[in-house]
Amino acid sequence: LRACLSMGEKRERQSSVGCLNNCWIMKPGGKSRGRGVSVIRTLGRLQQIERDSLQATGGEQTTRWVVQKYIEKPLLVHDRKFDLRQWILVTSWSPLTIWWFDECYVRFCAEDYDGTDTENKFKHLSNNSIAKHSTNFNTRCIGEGNMWDQETFACHLRLVGGDASSNDGWTDDPWSDVVLPEMQRAAV
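First, a word on scope: everything that follows refers to the structure included in this document. Since we're looking at a predicted model, the values are computed, not measured.

So, the side chain of H156
Part 1: Checked against the element boundaries, H156 lands in helix α4 (residues 150-160).
Part 2: Those residues in contact with H156 that lie beyond four places of it in its chain are V77 and W148.

Have a look at this one:
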């Protein structure tokens, strides 16, 4: 069994972020602030959301959807999911010219993560337009507005990171050595 799992992990690069819950995130195109976002597990639920959308518009197809695999085993900070918000500006496509703002920020969900509770948006969406309605908003030691600046996050990664001398692939400065370069690579 372990050999089979190992083979599967070698073939599927993202096997460490998936689970058996088959969760997907469904987002309506053209909306912001977490409006209309759902975490779903079944094709039937996806179809129901689409039917409800059609019914609300009198049968007219007005919404396009983005559906992507949901990371079911996310990195958590104080038991909360989070996202990183980085500002970039593209001033030219040819040649590609990208300006990278020096600071990003981290937004946290208002409630502790529970991958089995897909109905509670406060556990899955870190957008403050959603999170501010939770009774747990601002009740933990995360910070004002459920946000951290980049340096606070970098410090946290250094504190919880592995020992660089143990050769476990970790580093003394995970933010500068791993996270930031990967974000910049993804932007290009």
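Observations regarding the environment of K27
Part 1: Considering the arrangement of structural elements, one finds K27 in strand β1 (residues 24-28).
Part 2: Taking the C-alpha atoms as reference points, K27 and R64, 37 residues apart in sequence, are found 8.7 Å from one another.
Part 3: Every residue in contact with K27, bar those within four places of it in the chain, is listed here: V37, R64, W65, V66 and Q68.

Here we look at the nonpolar core
Part 1: V77, F82, C104, V106, F108, I142, W148, F153, A154, L157, W175 and M183 form the largest nonpolar core, which has 12 residues in total.
Part 2: For this core, the elements supplying multiple residues, two or more each, are β7 (105-108), α4 and α5 (174-187).
Part 3: With 3 residues, α4 is the largest single contributor of residues to this core.
Part 4: Excluding residues within four positions of it along the chain, W175 makes contact with L84, C104, Q150, F153, A154, L157, L180, P181 and M183.
Part 5: I25, Y70, Y113 and L125 belong to the second largest nonpolar core, which has 8 residues in total.

Quick look at helix α2 (residues 43-56)
Part 1: Counted at 1.5 Å a residue, the expected span for α2 with its 14 residues is 20 Å, and the 20 Å between its end C-alpha atoms agrees.
Part 2: Listed in full, the buried residues belonging to α2 are I49, E50 and S53. Buried residues of α2, seen end-on, are gathered within an arc of 95 degrees and therefore sit on one face of the element.
Part 3: Where α2 is buried, its residues contact β1, β2 (38-40) and β3 (65-69).
Part 4: Of the residues one or two after α2, G58 is the one with positive phi, at around 70 degrees.

A word on the sheet that holds strand β4 (residues 82-85)
Adjacent strands of a sheet form backbone hydrogen bonds with each other and so pair up, either parallel or antiparallel.
Part 1: Reading across the sheet, the 3 strands line up as β4-β7-β8 and stay open at both edges, with antiparallel pairing between neighbours. The sheet terminates laterally at β4 and β8 (147-149), the two strands that pair on one side only. Between one strand and the next, the sheet's axes are offset by a mean angle of 20 degrees, whatever the strand orientation.
Part 2: Examined bridge by bridge, β4 and β7 share 4 bridges and lie antiparallel to one another. By the bridge assignment for β7, F82 is matched with F108.
Part 3: Across the sheet, α4 lies against β4, β7 and β8, angled at about 90 degrees from β8, the strand it touches most.

Quick word on the pairing of β7
Part 1: Note: β7 against β8, 3 bridges, orientation antiparallel. Opposite R107, over in β8, you have M147 as the bridge partner.

Some details on α4
Three or four residues apart is the spacing at which side chains of an α-helix point the same way, because the helix has 3.6 residues per turn.
Part 1: Of all the positions in α4, only Q150, F153, A154, H156 and L157 are classed as buried. The arc that holds the buried residues of α4, viewed along the axis, is 160 degrees, so those residues lie on one side.
Part 2: Contact partners of the buried residues in α4: β4, β7, β8 and α5.

Description of unusual backbone geometry
Part 1: Looking along the chain, the bond that leaves S94 and enters P95 is cis, with omega of 0 degrees.
Part 2: Here P95 is to be found in the loop between β5 (88-93) and β6 (96-100).
Part 3: You will see that H78, though not glycine, has its phi angle at about 50 degrees, which is positive.
Part 4: You can call H78 partly exposed: its relative accessible area is 34%.

Digging into the pattern of salt bridges
Part 1: Within this structure, the stated rule accounts for 9 salt bridges.
Part 2: Between K69 and E72 there is a salt bridge, with the nearest N and O atoms lying 2.7 Å from each other.
Part 3: Classification of E72 by relative accessible area gives buried; the value is 5%.
Part 4: When the shortest N-O distance is used, the salt bridge between K123 and D114 registers 4.0 Å.

Conventions and cut-offs
- Residues numbered from 1 in each chain as written.
- Predicted model: local features only at pLDDT ≥ 70, side-chain atom pairs only at ≥ 80, totals over all residues.
- Heavy atoms only, no water.
- Helix = DSSP H or I, 4+ residues; strand = E, 2+ residues; numbered from the N terminus.
- Contact = heavy atoms within 4.5 Å.
- Core = buried A, V, L, I, M, F, W, Y, C linked by side-chain atoms within 4.5 Å.
- Buried < 20%, exposed > 50% of the residue type's maximum accessible area, 1.4 Å probe, protein only.
- Expected span 1.5 Å × (residues − 1).
- Arc of directions from axis to C-beta.
- Pairing = 2+ DSSP bridges.
- Axes fitted to C-alpha atoms, helices over the stretch in contact; angles between N-to-C directions.
- Salt bridge = Lys/Arg side-chain N within 4 Å of Asp/Glu carboxyl O.

Geometry only, nothing functional implied.
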